[in-house]
Amino acid sequence: MSRRYRWIVFRSNQGLAELAAAMQKDPFVAGRNWGFQLDEVSDSMVTGRHVLRKEVHEEFTSPLGETIKASRVEFVISKFRLTAKWPVIEVSEPPRSLKPLVNQLLSYSNF
């Protein structure tokens with residue numbers, strides 16, 4: 001099975017250690033709608049996941065004209081790797097949008 005990857009050029013005013021520390025302060029835990037789960041933190045690399053919890057509420061009309069309401073919870077997970085050597089974010093099996101991940105990393109970088 002082949003894996004999909006996406007690379008985004010990312011230059012930060014912060015060092016890798018500062019970004020990792022900021023991500024560790026925002027873990028994904030029960031009761032939060034987003035957060036990070038870090039797998040590995042070293043001087044040269046940070047790997048982990050950015051998790052976004054979405055509640056989706058939908059209404060359907062049945063063939064008989066009845067309105068049916070359905071709710072579900074979705075989790076959007078972005079598996080990433082940041083390295084000190086190359087200013088890129090590598091995302092494996094990327095979701096449709098990387099905007100939540102990138103926006104959060106930019107906020108840590110004071111952009």
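If you're wondering where the values come from, they're calculated on a predicted model, not measured in any experiment.

(A) Layout of the packing of aromatic side chains. Per the counting criterion, the structure on display carries 4 aromatic pairs. Each ring, one from Tyr5 and one from Trp7, has its centre 5.9 Å from the other, and the planes form 20°; the classification is stacked. Overall, the relative accessible area of 54% leaves Trp7 in the exposed class. Through a chain of ring-to-ring contacts, three or more aromatic side chains come together here, namely Phe36, Phe80 and Tyr108. The lysine or arginine in question, Arg32, covers the ring of Trp34, its NZ or CZ lying 4.5 Å from the ring centre.

(B) Layout of a nonpolar patch on the surface. A contiguous nonpolar surface patch, about 260 Å² in accessible area, is contributed by Val73, Phe75 and Ile77. When you line up the elements, Val73 lands in strand β4 (residues 67-83).

(C) The arrangement of the nonpolar core in detail. In terms of nonpolar packing, the biggest core is built from 18 residues, with Met23, Phe80, Leu82, Ile89 and Leu105 touching the most fellow members. Among the elements of the structure, α1 (16-24), β4, β5 (88-92) and α2 (99-108) are those that each provide at least two residues to this core. Per-element accounting of this core gives the leading share, 5 residues, to α1. In this view, Leu82 contacts Phe10, Leu16, Met23, Ser44, Met45, Val46, Val88 and Ile89; residues no more than four positions away in its chain are not counted.

(D) The arrangement of α1 in detail. Those residues of α1 lying buried are Leu16, Leu19, Ala20, Ala22 and Met23. Relative to the axis of α1, the buried residues are bounded by an arc of 160° and lie together on one face. On its buried face, α1 is in contact with β2 (34-41), β3 (45-61), β4 and α2.

(E) View of the sheet that holds β5. Pairing is antiparallel across the open sheet formed by 5 strands, whose spatial order is β1-β5-β4-β3-β2. Either end of the sheet is taken by a strand with one partner, and the two such strands are β1 (5-9) and β2. The mean angle between the axes of side-by-side strands here comes to 25°, regardless of whether they run parallel or antiparallel. Bridge count between β3 and β4: 17 bridges; the pairing is antiparallel. Looking across to β4, one finds that Val56 is bridged to Arg72.

(F) Inspection of the pattern of salt bridges at higher detail. According to the stated counting rule, one finds 7 salt bridges in the structure shown. Glu74 serves as the salt-bridge partner of Arg72, at 2.7 Å between the closest nitrogen and oxygen. Owing to a relative accessible area of 39%, Arg72 belongs among the partly exposed residues under this scheme. For Glu90, the salt bridge identified is with Arg81, shortest N-O distance 3.0 Å.

What counts and how
- Residues numbered from 1 in each chain as written.
- Predicted model: local features only at pLDDT ≥ 70, side-chain atom pairs only at ≥ 80, totals over all residues.
- Heavy atoms only, no water.
- Phe/Tyr/Trp six-rings, centres within 6.5 Å; stacked < 30°, edge-to-face > 60°.
- Buried < 20%, exposed > 50% of the residue type's maximum accessible area, 1.4 Å probe, protein only.
- Lys NZ or Arg CZ within 6 Å of the ring centre and 35° of its normal.
- Patch = residues over 30% accessible without salt bridge, like charges linked within 9 Å, V, L, I, M, F, W, Y side chains within 5 Å.
- Areas by Shrake-Rupley, 256 points an atom, 1.4 Å probe, with all protein chains shown as cover.
- Salt bridge = Lys/Arg side-chain N within 4 Å of Asp/Glu carboxyl O.
- Helix = DSSP H or I, 4+ residues; strand = E, 2+ residues; numbered from the N terminus.
- Core = buried A, V, L, I, M, F, W, Y, C linked by side-chain atoms within 4.5 Å.
- Contact = heavy atoms within 4.5 Å.
- Arc of directions from axis to C-beta.
- Pairing = 2+ DSSP bridges.
- Axes fitted to C-alpha atoms, helices over the stretch in contact; angles between N-to-C directions.

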